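Commentary on secondary and tertiary structure
The chain contents come next:
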Amino acid sequence: MSKILKSDKSNQKKKNFSIGIVLLILFVIAVLTYAIFEKSGHWLVEDDEIGHVKWVAVLDGQTADLERSDYAANLVKEGKADSVLLLGRRVYRERSNSEFYADDFMKLGSFDSNAVFLVPHNDPSTISEAYSLVPWLKKHKADTVLLLTGASSTYRVKRIFQKLSGNSPVYVTKDIHHYTYNPNCWYSNRESRKDWLRSWAALFASYFDLFNTDTLEAVDSSYYKPIRSYAEYKREFRSNVNLQKLLPKIEDKIKVESEKEAVKDSVKATAKETTKEAVKDSSKTQEKTSAKAKEPSKDTPKATAKEQPKEKAVEKKNDAKAPNKAPTKQGKK
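In this report, the structure presented in the accompanying data block is examined. Position numbers for residues start from 1 in each chain and track the written sequence from start to end. Thresholds applied to this predicted model are a pLDDT of at least 70 for local features of residues and 80 or more for the giving and counting of side-chain atom pairs; totals over whole chains, interfaces and linings are not thresholded and use all residues. As a rule here, side-chain values cover all heavy atoms of the structure and leave hydrogens and water aside.

Glancing now at the pairing of strand β3 (residues 116–121). To sort residues, take the accessible area from a 1.4 Å probe on protein chains only and compare it with the maximum for the residue type: under 20% means buried, over 50% means exposed, and anything in between is partly exposed. Secondary structure is summarised from DSSP: a helix means a run of H or I of at least four residues, a strand means a run of E of at least two, and numbering begins at the N terminus for each. With six of six residues buried, β3 lies mostly within the body of the structure. Neither face of β3 is open: one carries V116, L118 and P120, the other F117, V119 and H121, and all of them are buried. Paired strands are those between which DSSP finds at least two bridges. With six bridges joining them, strand β2 (residues 81–89) and β3 adopt parallel strand pairing. Opposite L87, over in β3, you have V119 as the bridge partner. Whether a crossover is right-handed comes down to one check: with the strands pointing away from the viewer, does the path from the first strand over the helix to the second run clockwise; if it does, it is right-handed. Taken together, β2, helix α3 (residues 97–106) and β3 form a β-α-β motif whose crossover is right-handed.

What follows is the structure, given as structure tokens:
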């Protein structure tokens, strides 16, 4: 009996020891899992310190807030960047998002239209964007390029561009701190959790896609459309305007304006006629009143100006003859 009790006690101790080890292992796994999940959000982010860069490449995929374009515009205003590349996918048959991004970007400040470039593309992934952009950057001898993308994609994007370009030019990335992804508490937000999962999947896929790939050179260009400045785009956009379609609209505007002018002329003519008639009526009334004032009244004798001088002349003659007759008569006596 004693041997059986001793064996039972030893077995119980072994079970308790094994249970304790299992619990300790589970606790360590839980701590490690929490630490990994806590830090895994930061492992996706590559936040470099930037001073001054010559090129800023705004990769496609930004939200409707255009937070990447705003960040690039602020860098240009502060003098920390010289030129900006705006990447955008094709959205219509002959239009791309880069055109809309560029139009909005130019409204953010007085930027040089020759320093803002449109990069229209039809690439489905970041690797395809790199195949389109890296040869152009090498052709223009770019030395430092800031890649603006989502915070959870910065590490992956930087690795892809460095791998395909052979570390020339130098690429830097920046966390622009948009609300869609917060590496400190990515698990507390649904959109951040989706972004975290998607970014990790894309990172593992990029290792497979970049396996045994060669670096790109300036001659390895594969543009969907040529990269051009905003000034060139505006000149080309104005030259592509179809004047034949605009002629009917212009003719309609001319007709409407001519009708408006005709109405204005008729109104002016009628106004002039009414003023002339009013002036004539006023002048006629004035003439009638002056004529009535000049007419003599019926009670006053009608003596003309010609009769009055004649009567005065006769009286003067009579006065002159009177003294001559008197002395003649005295002499005869």
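Within the element layout of this structure, L147 appears in strand β4 (residues 144–148). On the accessibility criterion, L147 (0% relative accessible area) is buried.

Its boundaries defined by the atoms lining it, the largest pocket holds a volume of some 630 Å³. Buried and open spaces are told apart on a 1 Å grid over the protein atoms alone, a cavity being a set of points where a 1.4 Å probe fits but cannot get out and a pocket being an open set with protein on both sides within 12 Å along at least five of seven lines. Residues with an atom within 4 Å of a point are the lining residues. Around the largest pocket, the lining is made up of 32 residues, and of these R68, T149, S153, R156 and D195 lie nearest the centre. Among the elements of the structure, α2 (67–77), α4 (126–139), α5 (154–165) and α6 (190–209) are those that each provide at least two residues to the lining of the largest pocket. No other element matches the eight residues that α6 contributes to the lining of the largest pocket. Grid points are joined across faces, edges and corners, and a volume is the space filled by probe spheres set on the points.

Its location among the elements puts Y223 in the loop between α6 and β6 (228–229). The class of Y223 is partly exposed, set by a relative accessible area of 30%. Taking the C-alpha atoms as reference, Y223 lies 8.6 Å from Y131; in sequence the two are 92 residues apart. Residues contacting Y223, with those up to four places away along its chain left out, are S132, P135 and W136. Note on definitions: a residue-residue contact is assigned when non-hydrogen atoms from the two residues lie within 4.5 Å.

Turning next to the packing of α4 against α5. Convention adopted: a line fitted to C-alpha atoms gives each axis, helices being fitted over their contacting stretch, and angles between N-to-C directions are expressed from 0 to 180 degrees. Interaxial distance between α4 and α5 falls to 10 Å at its minimum, and their mutual angle equals 50°. Taken as axis vectors, α4 and α5 run oblique relative to one another. Between α4 and α5 the crossing geometry is right-handed. On α5, the residues touching T126, I127, A130, Y131, L133, V134 and K138 of α4 are R156, V157, I160, F161, L164 and S165. Side-chain classes follow a simple rule in which Ala, Val, Leu, Ile, Met, Phe, Trp, Tyr, Cys and Pro form the nonpolar group, Asp, Glu, Lys and Arg form the charged group, and the remainder, Gly included, forms the polar group. Classifying every residue of the contact of α4 with α5 by side-chain character gives nine nonpolar, two polar and two charged. Reported orientations rely on four angle classes, namely roughly parallel under 35 degrees, roughly antiparallel over 145, roughly perpendicular from 65 to 115, and oblique for the rest. When the near helix sits turned anticlockwise from the far one by under a right angle, the crossing is termed left-handed; a clockwise turn instead gives a right-handed crossing.

Between 30 and 60 degrees the pair is tilted, below 30 it is stacked and above 60 it is edge-to-face, where a pair is any two Phe, Tyr or Trp rings, Trp via its six-membered ring, whose centres lie within 6.5 Å. Counting across every chain of the model gives 13 aromatic pairs. Through a chain of ring-to-ring contacts, three or more aromatic side chains come together here, namely F37, W186, Y187, W196, W200 and F204. Two limits define a charge over a ring: the Lys NZ or Arg CZ must be within 6 Å of the ring centre, and within 35 degrees of the ring normal. Here R159 stacks its cationic end above the ring of Y207, 3.8 Å away from the centre of that ring.

Looking now at α2. When α2 is considered as a whole, its buried residues turn out to be E67, R68, S69, A72, A73 and L75. Its buried side turned inward, α2 meets β1 (53–58), β2, α3 and β4. Looking one or two places after α2, you find G79, whose phi comes out positive at around 80°.

Let us look at a positive patch on the surface. Every patch collects residues that have over 30% relative accessible area and no salt bridge, joining them within 9 Å if they carry like charges and within 5 Å if they are nonpolar side chains (Val, Leu, Ile, Met, Phe, Trp, Tyr). Surface exposure here means Shrake-Rupley accessible area, sampled with a 1.4 Å probe, where a residue is shielded only by the protein chains that are shown. A pairing counts as a salt bridge when a side-chain nitrogen of Lys or Arg comes within 4 Å of a carboxyl oxygen of Asp or Glu. The charge count treats Lys and Arg as positive and Asp and Glu as negative. His and the chain ends do not count. Lys charges are placed at NZ, Arg charges at CZ, Asp charges at CG and Glu charges at CD. On the surface, K260, K264, K268 and K272 cluster together into a patch of positive charge. Secondary-structure assignment places K268 in helix α8 (residues 243–294). Residue classification places K268 among the exposed residues on the basis of a relative accessible area of 54%.

Geometric values such as these leave the question of function open.
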